[in-house]
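Listed below are the residues making up each chain.
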Amino acid sequence: MSDSKDFGYLESTLAVLRRIEKEQQDNIEKAAGLMADAIAEDRLIHVYGGGGHTTLVMGEMFFRAGGLANINPIMETGLSVFNQAIKYLELERCVNYGRSIVKYFKLKPNDVLIIFHNIGINPATIDAAMEAKEAGAKIIAVSSSYWQNEMPPEHFIRHPNQKNLFDFADVAIDDYNRVGDCAVNVPGFNTPIAPNSNLVDFYIAHRLEIETVRQCVERGIEPPVWRSANAPGGDEFNAKYVEKYSPRVKML
């Protein structure tokens, strides 16, 4: 137990980030290689969150200063925190809902899809992954081996086929999120608090961007990157990407 006022929250979060840098670097490089291939081939990079707060990572990667302009968020408000909470919780447990969302975006063979869901076992995640694989897409999965390995096979939130997200991944990146998510126990209070999964997944998202840009530059490819629309000249700089991607990215 830490004596700090955050009860070890900062250090526990940093420990996960350091572990990712140490153990997931190869996977980040492989995933970025697929993303750089997509840029080289003038393809979109699709991003999906399997429900609830994991959908927020799409927002962090999409139309973001310093982010890739060819990001296509497979956004479904029904699965997001901008739906009523109890409703999205039910929807992310519905079989075939995730499949219908991905099907609408018409992925093609060799398209790249990044799926974020640190639990990685619910129907909205597994069905999305199955639909993408059947379409021939390459899947980068960001999830937790702890949830996938420790949740009982018969647990009610699992997809009926009992598969894990990593079962469908061309590249799997472990975010090491512990079952229950929360990182802090305050003495005298018996419910854990302070989840850090979103901080970690946002970090992974930006590491993927950094590595993708590095690989593009190494290949002699100019990666499409947004500048801040609120900084001087930002709108003018971004105009070429708006013109290029707005017919293809449904959320632009």
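**As for the overall build of the protein chain**
Then comes step 1: When helices and strands are tallied, the protein chain shows nine helices and seven strands.
Then comes step 2: Based on the C-alpha atoms only, the size of the protein chain along its principal axes is roughly 55 × 40 × 35 Å.
Then comes step 3: Partitioning the intrachain contacts of the protein chain with sequence separation of at least 6 by distance along the chain shows that 78% fall at a separation of at least 24.
Then comes step 4: For the protein chain, the accessible surface area stands at approximately 12,100 Å², while carbon and sulfur atoms represent 55% of it.
Then comes step 5: Each charge class in the protein chain was averaged separately, 26 positive and 33 negative side chains, and the resulting centres sit 3 Å apart.

**A closer look at the packing of helix α5 (residues 97–104) against helix α6 (residues 123–134)**
Then comes step 1: In contact at an axis separation of 6 Å, α5 and α6 are set at 40 degrees when each is read in the N-to-C sense. With respect to each other, α5 and α6 are oriented oblique. Seen along the crossing, α5 lies across α6 with a hand that is right-handed. Across the interface between the two elements, Tyr97, Gly98, Arg99, Val102 and Lys103 from α5 touch Ala124, Asp127, Ala128, Met130, Glu131, Ala132 and Glu134 from α6.
Then comes step 2: Here the contact of α5 with α6 is built from residues that sort into six nonpolar, one polar and five charged.

**As for α5**
Then comes step 1: Taken residue by residue, α5 has Tyr97, Gly98, Arg99, Ile101 and Val102 as its buried positions.
Then comes step 2: Summarising the contacts, the buried residues of α5 are in contact with β1 (45–49), α4 (85–91) and α6.
Then comes step 3: Among the residues trailing α5, Lys106 stands out with phi positive, at a value near 55 degrees.

Cut-off values and rules
- Residues numbered from 1 in each chain as written.
- Predicted model: local features only at pLDDT ≥ 70, side-chain atom pairs only at ≥ 80, totals over all residues.
- Heavy atoms only, no water.
- Helix = DSSP H or I, 4+ residues; strand = E, 2+ residues; numbered from the N terminus.
- Contact = heavy atoms within 4.5 Å.
- Areas by Shrake-Rupley, 256 points an atom, 1.4 Å probe, with all protein chains shown as cover.
- Lys, Arg positive; Asp, Glu negative; His and termini not counted.
- Charge placed at Lys NZ, Arg CZ, Asp CG, Glu CD.
- Axes fitted to C-alpha atoms, helices over the stretch in contact; angles between N-to-C directions.
- Parallel < 35°, antiparallel > 145°, perpendicular 65-115°, else oblique.
- Left-handed = near helix turned anticlockwise from the far one by under 90°.
- Nonpolar A, V, L, I, M, F, W, Y, C, P; charged D, E, K, R; others polar.
- Buried < 20%, exposed > 50% of the residue type's maximum accessible area, 1.4 Å probe, protein only.

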